[in-house]
Amino acid sequence: MAGMTFQTVVHFIQGTFVRMASKGRRGPLIAALLAFMVGLPCAMMIPPLDRDESRFVQASAQMMETRDYININVQDVPRYKKPVGIHWLQVAAVKLTSNVAKRDILAFRWPSLLGAALAAFACAWGAAKAFGTRVGAKAGLLMAVGFMLSTEAFIAKTDAMQCGLITLMMAALAQIYLRTRDLGRDAPVPRLFLLKTVFWLALAGTIMIKFIIGPMILATTLLALWGWDRRIGWAKHLSWGWGLILVALICGPWIVAITVATDGKFWVGAIGHDFASKLSGGSEGHFMWPGYHLALLPITLFPAAWLLGGAVQTAIVRRHEAAIRFAICWLVPAFLIFELSPTKLPHYPLPTFGALVWLCAVSLNVPLKLWAKIVNVVAGVIGGLVLSVLAMAGYALYGNSLSLLFVFGVVASALVLGGLGGFLMWRGLKRTGFAFLLASGILAHLTFVSELSTLSPLWISRALEKALVTAHLDPRQGIAPGPVAILGYSEPSFVFAMGTKTQLLNDDAKGAVEALQDGRPLFVERDFEPAFQTQAKAAGITPHAVSQVKGHNYNGHDQVLTLYNN
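A few points on the structure.

1. What to know about the overall build of the chain
Part 1 of the reasoning: Along the chain, the regular secondary structure elements total 24 helices and seven strands.
Part 2 of the reasoning: Over its C-alpha atoms the chain spans a radius of gyration of 26 Å, differing by no more than 12% from the 24 Å that the globule rule assigns to 566 residues.
Part 3 of the reasoning: Overall size of the chain, expressed as C-alpha extent along the three principal axes, is 90 × 70 × 40 Å.
Part 4 of the reasoning: Across the chain, the fraction of contacts at a sequence separation of at least 24, relative to all contacts at a separation of at least 6, is 75%.
Part 5 of the reasoning: Carbon and sulfur atoms form 66% of the exposed surface of the chain, whose accessible area is close to 24,100 Å².
Part 6 of the reasoning: Of the side chains in the chain, 47 bear a positive and 29 a negative charge, and the two mean positions are spaced by 16 Å.

Shown next as structure tokens:
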């Protein structure tokens, strides 16, 4: 009876998602829904992150407050880094689902969730057209539960939406390539208007989100295909004339407006400083040696890490097939550029993951050699092990009893469930093993992020906000005058939470005393206490300590902040 029960469960798991997702257009839609649902709980649990996310959402909030939808500012500081696209999407999301005064971080995260869903949809759609609906469904599901995409899905910045648009662009380009590559000179040209429209709209979207990455991946793919095929005539079917005009019509108005509004300074900051610094050295301390992204693949691609060996074998053995060749040309040149760039962050190669997932999905139908199976196991075990160790380290440093429960969940899903899936794959039970890998990816990410949300010392800004509310000193309650002042702590998450006028004093102890004299609540970090007390004594006031907040900052330092009022 027990054996029959287990067998029944296995047969149920063994392709439920895949069977549903393989029927026509269901695959892309189910992949998109899965990506959205995996990211949504995390978007609801995690407070605003420092520092990039909070800067993005604060800039979007200020657009709504000032009704200036051209300039990008964080408080009084211009943000000359990225285009306006993600801010417009965040503004639209907040206006549709909330309002700026609530500072509801979930409202700002909707575009990233939709971007992740778009990435999974496009991955499944492109793979289905290139390799068949069943492979397309598997590719979309793997993309949907990938650890890096699922993480970017709940962070309100550019990367999930950029990944979605680039994957959509490349899926459309792949179909145009496959349908026109071998056309004879006098052969009738297939109807491609819809594909070309999707391609050019997606390219314009990537430019409005992050300028150069989309065009770079497009250019490297075209050049690689040209070099490999020794022909590029098929590219004339992209309709460059009206396509580039469409891109100019979409991107041009804001480009002109920001150029005029900033007297060209935006481009000096975005290209001359931000982009150039990433190429010339480790921008903002993010230097890493080549090989960094490759070493992280077992984690960033998990659970598809269990298929990496198969992906490599597929690329080698079937490289002469047009669809496989396209995937290789999408993946390899762009990935090498990310590796050779001195500035590296784990999410940078995310726009190439669609191609890698295609190869992983195709490998499920390929008899694997022993070396490929070994690579699969090594990569999968490393990914699960690293995630488990990170979860254990978080608990050991900052956790509580609830955190420990989630640690067990991470280990059980990333190592045990993932290992079972890998074992079944090794034994040739690929459909069942694939289902276990999907479950491993979903549960490992959800439990990992759930644990992260319980590590209270990491969320200093949330604790500061709570201290103000508990002490009845929150200016938003209309009791204490505002804005709140803070000395020695300048994280943008606190500005986003408390409002644009929040006074970041940096090392201005005199300004801190003046805030107290105005009757405004004040936080002082312990390293700045001596200077603050000296200034207070000179001004003839005695600060009243209300409460204290302790935590660990992203900069690697433990911090203690005291709340004062006068």
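Anyway, onward from the coordinates.
2. A short note on the packing of aromatic side chains
What describes a pair of aromatic rings is the distance from one ring centre to the other and the angle between the planes of the rings.
Part 1 of the reasoning: Per the counting criterion, the structure on display carries 20 aromatic pairs.
Part 2 of the reasoning: When the centroid spacing of 4.9 Å and the interplanar angle of 75 degrees are considered together, the rings of Tyr177 and Trp234 count as edge-to-face. Of this pair, Tyr177 sits in helix H9 (residues 159-180) while Trp234 is found in the loop between helix H11 (213-229) and helix H12 (240-262), placing the two residues 57 residues apart along the sequence.
Part 3 of the reasoning: Judged by relative accessible area, Tyr177 falls into the buried class, the value being 0%.
Part 4 of the reasoning: Between Phe211 and Phe266, the aromatic rings sit 6.2 Å apart at their centres with planes inclined by 65 degrees, giving edge-to-face as the arrangement. Of the two residues, Phe211 sits in the loop between helix H10 (193-210) and H11 while Phe266 sits in helix H13 (residues 265-280), which places them 55 residues apart along the sequence.
Part 5 of the reasoning: Linked through ring pairs, Phe131, Tyr177, Trp234, Phe326, Trp330 and Trp358 together constitute an aromatic cluster.
Part 6 of the reasoning: Sitting over the face of the ring of Phe56, Arg79 holds its NZ or CZ atom 4.9 Å from the ring centroid.
Part 7 of the reasoning: Its guanidinium or amino end placed over the ring of Trp426, Lys373 lies 5.5 Å from that ring's centre, counting from NZ or CZ.

3. Details of the pairing of strand S6 (residues 544-552)
Part 1 of the reasoning: Summarising the sheet, S6 and strand S7 (residues 558-565) pair through eight bridges and their orientation is antiparallel. Paired with Val549 across the two strands is Leu561, which belongs to S7.
Part 2 of the reasoning: Here S6 folds back onto S7, and the loop between the two strands holds five residues, one of which, Gly556, carries a positive phi near 95 degrees.

4. Here we look at the sheet that holds strand S4 (residues 503-506)
Part 1 of the reasoning: The five strands are arranged S4-S3-S5-S7-S6 in an open sheet whose pairing can be described as mixed. The open sheet terminates on both sides in strands that have one partner only, identified here as S4 and S6. Each strand axis lies, on average, 20 degrees off the axis of its neighbour in the sheet, ignoring direction.
Part 2 of the reasoning: Direction of pairing for strand S5 (residues 522-525) relative to S7: antiparallel, over a ladder of four bridges. Paired with Val524 across the bridge in S7 is Thr562.

5. Points about helix H5 (residues 85-97)
Part 1 of the reasoning: A rise of 1.5 Å per residue sets the reference length of H5, with its 13 residues, at 18 Å; its end C-alpha atoms lie 19 Å apart and thus fit the reference within 8%.
Part 2 of the reasoning: When H5 is considered as a whole, its buried residues turn out to be Gly85, Ile86, His87, Gln90, Val91, Ala93 and Val94.
Part 3 of the reasoning: On its buried side, H5 packs onto helix H4 (52-66), helix H6 (105-131), H9 and H10.

6. So, the pairing of S4
Part 1 of the reasoning: For strand S3 (residues 485-487) and S4, the ladder comprises three bridges, and the chain directions are parallel. Note that in S4 the partner of Ile486 across the bridge is Leu504.
Part 2 of the reasoning: Handedness of the crossover is the feature at issue here: the chain leaves S3, passes through helix H22 (residues 492-498), returns alongside S4, and the resulting connection is right-handed.

7. Overview of the environment of Ala93
Part 1 of the reasoning: Mapped onto the elements, Ala93 comes out in helix H5.
Part 2 of the reasoning: Sequence-wise, Ala93 and Ala107 are 14 residues apart; in three dimensions their C-alpha atoms are separated by 6.0 Å.
Part 3 of the reasoning: Discounting chain neighbours no more than four positions away, the residues touching Ala93 are Ser98, Ala107, Trp110 and Pro111.

8. What to know about the environment of Gly354
Part 1 of the reasoning: The topology assignment puts Gly354 in helix H17 (residues 353-363).
Part 2 of the reasoning: Expressed as a C-alpha distance, the spacing of Gly354 and Pro530, which sit 176 residues apart in the sequence, is 54 Å.
Part 3 of the reasoning: In this structure, Gly354 is in contact with Cys123, Met143 and Trp330, ignoring residues within four places of it in sequence.

9. Comments concerning the nonpolar core
Generally speaking, nonpolar side chains in soluble globular proteins are found buried as a group.
Part 1 of the reasoning: Counting 147 residues, the largest nonpolar core has Phe108, Leu173, Leu301, Phe326 and Trp358 as the members making the most contacts within it.
Part 2 of the reasoning: Residues contacting Trp358, with those up to four places away along its chain left out, are Cys123, Gly126, Ala127, Phe131, Ala139, Ala174, Phe326, Ala327 and Trp330.
Part 3 of the reasoning: Membership of the second largest hydrophobic core comes to 16 residues, among which are Ile460, Leu473, Leu561 and Leu563.

10. Points about unusual backbone geometry
Part 1 of the reasoning: Put simply, Phe302 and Pro303 share a cis peptide bond, and its omega is 10 degrees.
Part 2 of the reasoning: A cis amide bond links Gly482 to the next residue, Pro483, at an omega of 5 degrees.
Part 3 of the reasoning: Relative to the helices and strands, Pro483 resides in the loop between helix H21 (460-470) and S3.
Part 4 of the reasoning: The residue Arg103 is not glycine, and still its phi comes out positive at about 50 degrees.
Part 5 of the reasoning: Looking at where Arg103 falls in the secondary structure, it is placed in the loop between H5 and H6.
Part 6 of the reasoning: Overall, Arg103 belongs to the buried group, its relative accessible area being 12%.
Part 7 of the reasoning: Phi at Arg230 takes a positive value of approximately 65 degrees, unusual for a residue other than glycine.

11. Focus: the side chain of Glu529
Part 1 of the reasoning: Examined against the element boundaries, Glu529 turns out to sit in helix H24 (residues 529-539).
Part 2 of the reasoning: A polar side-chain atom of Glu529 sits 2.8 Å from a polar atom in the side chain of Tyr564.
Part 3 of the reasoning: With residues up to four places along the chain from it excluded, the contact list for Glu529 reads Val524, Thr562 and Tyr564.

12. Observations regarding the packing of helix H3 (residues 26-45) against helix H20 (residues 430-454)
Two quantities define a packed helix pair, namely the angle between the helix axes and the distance between the axes.
Part 1 of the reasoning: Where H3 meets H20, the axes come as close as 9 Å, and the angle between the chain directions of the two elements is 10 degrees. Comparing the axis directions of H3 and H20 gives the class roughly parallel. Of H20, the residues touching H3 (which contributes Leu34, Val38, Pro41, Cys42 and Met45) are Ile442, His445, Leu446, Val449, Ser450 and Ser453.
Part 2 of the reasoning: Tallied by class, residues from the contact of H3 with H20 come to eight nonpolar, three polar and no charged.

13. Some points on the pattern of salt bridges
Part 1 of the reasoning: Considering all chains together, one arrives at 15 salt bridges under this definition.
Part 2 of the reasoning: Measuring nitrogen to oxygen at the nearest pair gives 3.0 Å for the salt bridge that ties Asp182 to Arg231. Within this pair, whereas Asp182 is found in the loop between H9 and H10, its partner Arg231 is found in the loop between H11 and H12, the two being separated by 49 residues in sequence.
Part 3 of the reasoning: Across the salt bridge formed by Glu321 and Arg318, the nearest N and O atoms sit 2.8 Å from each other.
Part 4 of the reasoning: Judged by its relative accessible area of 33%, Glu321 is partly exposed.
Part 5 of the reasoning: What emerges from the salt-bridge pattern is a single network uniting Arg181, Asp182, Asp229, Arg231 and Arg325.

Rules of the game
Residues numbered from 1 in each chain as written. Predicted model: local features only at pLDDT ≥ 70, side-chain atom pairs only at ≥ 80, totals over all residues. Heavy atoms only, no water. Helix = DSSP H or I, 4+ residues; strand = E, 2+ residues; numbered from the N terminus. Rg over C-alpha atoms; globule rule 2.2 N^0.38 Å. Contact = heavy atoms within 4.5 Å. Areas by Shrake-Rupley, 256 points an atom, 1.4 Å probe, with all protein chains shown as cover. Lys, Arg positive; Asp, Glu negative; His and termini not counted. Charge placed at Lys NZ, Arg CZ, Asp CG, Glu CD. Phe/Tyr/Trp six-rings, centres within 6.5 Å; stacked < 30°, edge-to-face > 60°. Buried < 20%, exposed > 50% of the residue type's maximum accessible area, 1.4 Å probe, protein only. Lys NZ or Arg CZ within 6 Å of the ring centre and 35° of its normal. Pairing = 2+ DSSP bridges. Axes fitted to C-alpha atoms, helices over the stretch in contact; angles between N-to-C directions. Expected span 1.5 Å × (residues − 1). Right-handed = clockwise from strand over helix to strand, strands pointing away. Core = buried A, V, L, I, M, F, W, Y, C linked by side-chain atoms within 4.5 Å. Polar contact = N/O pair within 3.5 Å; in protein donor to acceptor, adjacent residues only side chain to side chain. Parallel < 35°, antiparallel > 145°, perpendicular 65-115°, else oblique. Nonpolar A, V, L, I, M, F, W, Y, C, P; charged D, E, K, R; others polar. Salt bridge = Lys/Arg side-chain N within 4 Å of Asp/Glu carboxyl O.

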